[in-house]
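# Per-entry structural report
Listed here are the chains, written in short residue letters.
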Amino acid sequence: MNTLTLLPLIVLIAAMFLLTRSNKKRQQQAQNMRNDLQPGSGVRTIGGMYATVKEVNEDTVLLDAGPGVELLFAKNAIGAILTDDEYNRIVHGVEHDLKADTDIVPDDASSLTETDDEPADAAAASDDKAVDLGKKDAAEEKAEEAATAEAETAEAKADEEPKKTDGDSDAK
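We now turn to the structure provided with this report. (Residues numbered from 1 in each chain as written. Predicted model: local features only at pLDDT ≥ 70, side-chain atom pairs only at ≥ 80, totals over all residues. Heavy atoms only, no water.)

### With respect to the overall build of the protein chain
Tallying secondary structure elements over the protein chain gives 4 helices and 5 strands in all. Across the protein chain, helices and strands are ordered from the amino to the carboxyl terminus as α-β-β-β-β-β-α-α-α. Across the protein chain, every contact between residues at least 6 apart in sequence was considered, and the portion connecting residues at least 24 apart equals 38%. (Helix = DSSP H or I, 4+ residues; strand = E, 2+ residues; numbered from the N terminus. Contact = heavy atoms within 4.5 Å.)

If you want it as structure tokens, here you go:
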């Protein structure tokens, strides 16, 4: 046989070997995680339920899902073991000291316009012209009045001209 003919077959076998190897590795890691379960650990089941491990047996795990709620699960149903901080954040809503790690987003937009070298009072004292949306200049008022007067004059002229009709008449 020609080696060029065997090349696709060799590539296919190599790909299958690599996929099988990574799958076995992932399954082994999951099995080791399930074997390391300890009472008191916070876990998430494959169904998405969060609970605390109460008792670990050979093939089963007794979980405490709340006051007076104990559930028996197969070890294979445990999807992940959570850290204490993560479990408390998800289940109890207890936030770890996240404020020290990240910047705080302000509640109002006024602090977003400040720069590091310009304090908030400097923005109010700047020489930028303030925009007043409630008042009009005298020139604008006169122009608006003139436009209104022109419109009224045009309507009066339209009323004076005879109106065209489509042939129907009210007069008899």
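### Focus on the pattern of salt bridges
One pass over the structure, following the stated rule, counts 1 salt bridge. The salt bridge involving lysine 54 is made with glutamate 70; its shortest N-O contact spans 2.1 Å. Here glutamate 70 lies in strand β4 (residues 69–74) and lysine 54 lies in strand β2 (residues 50–56), a separation of 16 residues in the sequence. According to the relative accessible area criterion, lysine 54 is partly exposed, its value standing at 43%. (Salt bridge = Lys/Arg side-chain N within 4 Å of Asp/Glu carboxyl O. Buried < 20%, exposed > 50% of the residue type's maximum accessible area, 1.4 Å probe, protein only.)

### Here's the deal with the sheet that holds strand β1 (residues 42–45)
The 5 strands are arranged β4-β3-β2-β1-β5 in an open sheet whose pairing can be described as antiparallel. Looking at which strands have only one partner, the edges of the open sheet turn out to be β4 and β5 (78–82). Within this sheet the neighbouring strands show an average axis-to-axis angle of 45 degrees, counted without direction. Across 3 bridges, β1 lies against β2 in antiparallel orientation. Bridge pairing in β2 links glycine 42 to threonine 52. Its contacts with the sheet place helix α2 (residues 84–92) against β1, β2 and β5, and it is angled at close to 130 degrees to β2. (Pairing = 2+ DSSP bridges. Axes fitted to C-alpha atoms, helices over the stretch in contact; angles between N-to-C directions.)

### Some remarks on the nonpolar core
Core analysis: the biggest nonpolar cluster contains 8 residues, these being Met33, Leu37, Val43, Ala51, Val53, Val61, Leu63 and Ile78. Of all the secondary structure elements, the ones that give two or more residues to this core are β2 and β3 (60–66). If near-sequence neighbours (up to four positions away) are discounted, leucine 63 is found in contact with Val43, Thr45, Met49, Ala51, Thr52, Val53, Lys54, Val69, Glu70, Leu71, Phe73 and Ile78. (Core = buried A, V, L, I, M, F, W, Y, C linked by side-chain atoms within 4.5 Å.)

### Comments concerning the pairing of β2
The loop that links β1 with its antiparallel partner β2 comprises 4 residues; one of these, glycine 48, has a positive phi angle of about 95 degrees. Summarising the sheet, β2 and β3 pair through 4 bridges and their orientation is antiparallel. Paired with glutamate 55 across the strands is leucine 62, a residue of β3. Where β2 hands over to β3, the hairpin turn is made up of 3 residues, counted between the paired strands.

Function-wise, these values are silent; they only describe arrangement.
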